[in-house]
Amino acid sequence: MTISLQFFGATEEVTGSCHLLHLGDKQVLLDCGLIQGSKSDAMRNFDPFPFEPSQIDAVILSHAHIDHSGRLPQLVKNGFSGPIYTHKASAELCEIMLKDAAMLQKRDVERNNKKRIKQQLPPLEPLFDEQDVLRTVKQFVALDYNEQVQALPQLKFRLNDAGHILGSALVELWLEAIDKKIVFSGDLGREGMPILNDPVAIEQADLVIMESTYGNRLHRSWQQTIDELAEIFAATISGGRGNILLPAFSVGRAQELLYLFHLYAKQWDLSRWRICLDSPMAIEATKVYLNNYPIMDDDFKRFTRQHPGEHPLLSNVEFIQTTEQSMELNEISEGLIIIAGSGMCNGGRIRCHLEHNLWRSECDVIICGYQALSTPGRMLVDGASQLTINGKPVKVAATIHTVGGLSAHADQAELIKWYQQFKSAPPLLLVHGEQEAQQGLIETIKASSMRQPSSLLAVQRGDKLALDSLPELVWLP
C-alpha cells in the first residue's frame, strides 16, 4: 500500500489550504480552501483541481475560515460525495460563510464578465452557487472535540481545540497500516486570548504539519494591545475627530471586538460613540458564538452565567443588516465606530466606508488582522498613498493603525512553544505562510537551543511525501 501526503495549497502563501492524504486506493483531503489575495490569485480558483474530486473519499476540515473551507462547494459540484468531518461549530459557521461566498461569486463573475465581453474573452461561470452550498452542507459530519473517529479502515483521527476561532481544530491522524501519527495544526491560536481556550498541547507525533503565518514576527502582549487601543480611542475622542473604521473578519475578529467593547466600554469612554457592526455575515456568526458558549474559555462562560440577559457580544453595539442602513452611515461625519468586513478590505461593506472616510485626515482605520500580499489592507499597512475603490482613486489621509496583538494566529514564539511540547522532536513541515515568514521561523529554530526537529522545511506546491518512511522524509516524484 502506497501511503503519502501531497500539498496543493497554502504552500509558501497564506491562502487556499489543501493537502491530500493517499492511503493506497483511498484519498482524504485536509481542508479545501479558497485562494484569496489579488485578482490574479483569485482567478486561480477557476483552475481544475489537481486531483479528481470524485475519487476523494472524505474531507477533514480544520475550521470554517474561507481560505480553509471555501472550495468545498466547488469540490462537491465536481463530483465529491463523501463525508466532510469538522467540529459542529465549524459546520454551523460554514453554512453561513459558504452561502455568502456563493453570493459573492455570482456578483464578482457578473462584474468580471462585463469586462471579459469587451475584451472578447469567453464568460466565466461562478465557481459554485447556493445549490452547491446546500448539497455541501448535507455532507458535513459534525463532531465534538476529543471524539475519535474511524474515517476509513486504515485511518483514525481526532479533533482538538486549536484556539484560533470558534470550532477551530488541531487534527491528530493515526495511519494504522504503518503505525504512524500525523498532527496537522490547521491555524494555531494564541494563549490568553479572550473568548477562546488556549491551543491544546499534543505530546506525540511522527510528523507535524504546522502553519507559519507569523513565523517571523512577535505580537505585542495582550496588555500592550489593550493599552494601544485605549490610546487610539483617547486621542480620537480628545481631538474631536471623525469616524473609526475597523476592517474585521466576520468570524472570530468581529466577535472578539464586540467582547472588548463590552469589557472596556467605560475605560475607553465608548458611551460617546455609536458602535455599529455592519456585516450581515458577522451578525449571523455572532449568533453561532452565542449558541456555542460552553466550548469557550472559563472567563467568558463565567460572565455569561453570572449576567443573564447581558451577553457581552450583544451589549452597546448596533447590528446593521440592510444595505440602506449601511449607506446611511456614510452620511455621518463623526462619532461612529464601524466594524465591517472584509478583514483584508478586498470586498464587503468596508470598501464603501473606506471610500467615504479614507480621504479624511480626522478619521482612523485600525487594521487588526492578517493582511495577505496584494490586498488593499496590506497596501494600507505598507503605507499606500491611495487605494482604488469602485474604480476610483481614493487618497489615504486617515491615520492607519496596525494593531498586531489582536491577531488570532500564534506568533513566532508561540509556534515554537507549541511545537516544543512534542516529546520526540518529530519532522516539522511548514505550510500556510509566506516565504519570508517561513524562512524567519526556520532560521530562529535552527539558531535556538531547543531540541531540533529531525527535519525542518517549508513545503512547496505539489510536493509529495512518502509517509511509511517516517521519521526520515522521502519525497516522491
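Our subject is the structure listed above.
In what follows, the accompanying structure is described. In this text, all values refer to a predicted model and were calculated from it rather than measured experimentally.

### Remarks on the overall build of the protein
The secondary structure content of the protein amounts to 14 helices and 23 strands. On C-alpha atoms alone, the protein measures out to a radius of gyration of 22 Å, which is about the 23 Å that the 2.2 N^0.38 rule sets for 477 residues. Taken along the three principal axes of its C-alpha coordinates, the protein extends 70 × 55 × 45 Å. For the protein, the proportion of its 477 residues judged to be buried stands at 59%. Look at the contacts in the protein between residues 6 or more apart in sequence, and 73% of them connect residues 24 or more apart. Positive and negative charge centroids in the protein, built from 44 and 58 side chains respectively, lie 3 Å apart.

### Describing the packing of aromatic side chains
Throughout the structure, instances matching the rule amount to 11 aromatic pairs. The interplanar angle of 50° and the centroid separation of 5.8 Å between the aromatic rings of Phe 8 and Phe 51 together place this pair among those described as tilted. Residue Phe 8 is located in strand β1 (residues 3-9), and its partner Phe 51 is located in the loop between α1 (39-43) and β4 (58-60); the two are separated by 43 residues in the primary sequence. Accessibility expressed as a relative area gives 11% for Phe 8, which makes it buried. Feature note: the residues Phe 233, Phe 261, Tyr 264 and Trp 268 constitute an aromatic cluster, connected by ring pairs. Positioned above the aromatic ring of Phe 49 is the side chain of Arg 71, whose terminal nitrogen or guanidinium carbon lies 4.3 Å from the ring centre.

### Some details on helix α5 (residues 130-138)
Those residues of α5 that sit buried are Asp 132, Val 133 and Thr 136. Each buried residue of α5 lies within a common arc of 100° when the element is viewed along its axis, so the set occupies one face. Buried positions along α5 lie against α3 (72-77), β5 (84-87), α4 (88-118) and β6 (140-143). Where α5 begins, the side chain of Asp 129 points an oxygen toward the backbone nitrogen of Gln 131, at a separation of 3.1 Å.

### Description of the pattern of salt bridges
Following the criterion strictly, the structure yields 25 salt bridges and no others. Lys 99 is the salt-bridge partner of Glu 95, the closest N and O atoms lying 3.5 Å from each other. In this pair, Glu 95 and Lys 99 are both assigned in helix α4, four residues apart and thus about one turn of the helix distant. Residue classification places Glu 95 among the partly exposed positions, given a relative accessible area of 32%. Lys 99 gets classed as partly exposed once you look at its relative accessible area, which sits at 32%. Notably, a salt bridge pairs Asp 382 with Arg 378, separated by 3.6 Å at the nearest N-O pair. Within the structure, one salt-bridge network assembled from shared partners comprises Glu 13, Asp 41 and Arg 44.

### Things to note about unusual backbone geometry
Across residues other than glycine, the phi torsion is negative in most instances, and most of the peptide bonds are trans. Across the junction of Gly 341 and Ser 342, the peptide omega takes the value 10°, indicating a cis bond. Mapped onto the secondary structure, Ser 342 falls in the loop between β15 (336-340) and α11 (350-357). Here the residue pair Leu 470 and Pro 471 is connected by a cis peptide bond, since its omega of 15° sits within 30 degrees of zero. Positionally, Pro 471 belongs in the loop between β22 (464-466) and β23 (474-476). Although it is not a glycine, Asp 269 adopts a positive phi angle of roughly 55°. Turning to its location among the elements, Asp 269 is positioned in the loop between α7 (253-263) and β13 (274-278). The exposure class assigned to Asp 269 is partly exposed, which follows from its relative accessible area of 28%. Residues other than glycine seldom take positive phi values, yet Asn 390 does so here, at roughly 55°. One can find Asn 390 in the loop between β17 (386-389) and β18 (392-395).

### Some details on the packing of α4 against helix α8 (residues 280-291)
Following both chains from N to C, one finds α4 and α8 inclined at 170°, their axes separated by 10 Å at the closest point. As far as their axial angle goes, α8 and α4 are roughly antiparallel. In terms of crossing hand, the pair formed by α4 and α8 is right-handed. On α8, the residues touching Ala 89, Glu 92, Leu 93, Ile 96, Met 97 and Asp 100 of α4 are Met 281, Glu 284, Ala 285 and Val 288. Classifying every residue of the contact of α4 with α8 gives seven nonpolar, no polar and three charged.

### Regarding the sheet that holds β5
With mixed pairing, the eight strands of this open sheet are ordered in space as β6-β5-β4-β3-β2-β1-β22-β23. In this open sheet, the two edge strands, each paired with only one partner strand, are β6 and β23. Strand-to-strand twist of the sheet, defined as the mean angle between neighbouring strand axes without regard to direction, takes the value 25°. As judged from the three bridges shared by β22 and β23, these two strands associate in the antiparallel manner. Residue pairing in the sheet places Ala 466 in a bridge with Val 474 of β23. Across the sheet, α4 lies against β5 and β6, angled at about 110° from β5, the strand it touches most.

### Remarks on the environment of Ser 374
Considering the arrangement of structural elements, one finds Ser 374 in the loop between β16 (364-367) and α12 (376-381). When the C-alpha atoms of Ser 374 and Gln 36 are compared, they prove to be 9.7 Å apart, with 338 residues separating the residues in sequence.

### Notes on the side chain of Lys 181
Looking at the element boundaries, Lys 181 is found in strand β10 (residues 180-184). Only 3.0 Å separates the side chain of Lys 181 from the backbone oxygen of Gln 204, close enough to count as a polar contact. If we ignore the near neighbours within four places in the chain, the residues touching Lys 181 are Glu 172, Leu 173, Trp 174, Ile 202, Gln 204, Ala 205, Asp 206 and Leu 207.

### Remarks on the sheet that holds strand β20 (residues 428-431)
As summarised here, the arrangement of the seven strands in space is β7-β8-β9-β10-β11-β20-β21, forming an open sheet in which the pairing is mixed. Edge positions in the open sheet fall to β7 (148-152) and β21 (456-458), since each of these has one partner strand only. On average, adjacent strands in this sheet sit at an angle of 20° to one another, irrespective of strand direction. Where β20 and β21 come together, three bridges link them in parallel fashion.

Criteria and thresholds
- Residues numbered from 1 in each chain as written.
- Predicted model: local features only at pLDDT ≥ 70, side-chain atom pairs only at ≥ 80, totals over all residues.
- Heavy atoms only, no water.
- Helix = DSSP H or I, 4+ residues; strand = E, 2+ residues; numbered from the N terminus.
- Rg over C-alpha atoms; globule rule 2.2 N^0.38 Å.
- Buried < 20%, exposed > 50% of the residue type's maximum accessible area, 1.4 Å probe, protein only.
- Contact = heavy atoms within 4.5 Å.
- Lys, Arg positive; Asp, Glu negative; His and termini not counted.
- Charge placed at Lys NZ, Arg CZ, Asp CG, Glu CD.
- Phe/Tyr/Trp six-rings, centres within 6.5 Å; stacked < 30°, edge-to-face > 60°.
- Lys NZ or Arg CZ within 6 Å of the ring centre and 35° of its normal.
- Arc of directions from axis to C-beta.
- Polar contact = N/O pair within 3.5 Å; in protein donor to acceptor, adjacent residues only side chain to side chain.
- Salt bridge = Lys/Arg side-chain N within 4 Å of Asp/Glu carboxyl O.
- Axes fitted to C-alpha atoms, helices over the stretch in contact; angles between N-to-C directions.
- Parallel < 35°, antiparallel > 145°, perpendicular 65-115°, else oblique.
- Left-handed = near helix turned anticlockwise from the far one by under 90°.
- Nonpolar A, V, L, I, M, F, W, Y, C, P; charged D, E, K, R; others polar.
- Pairing = 2+ DSSP bridges.

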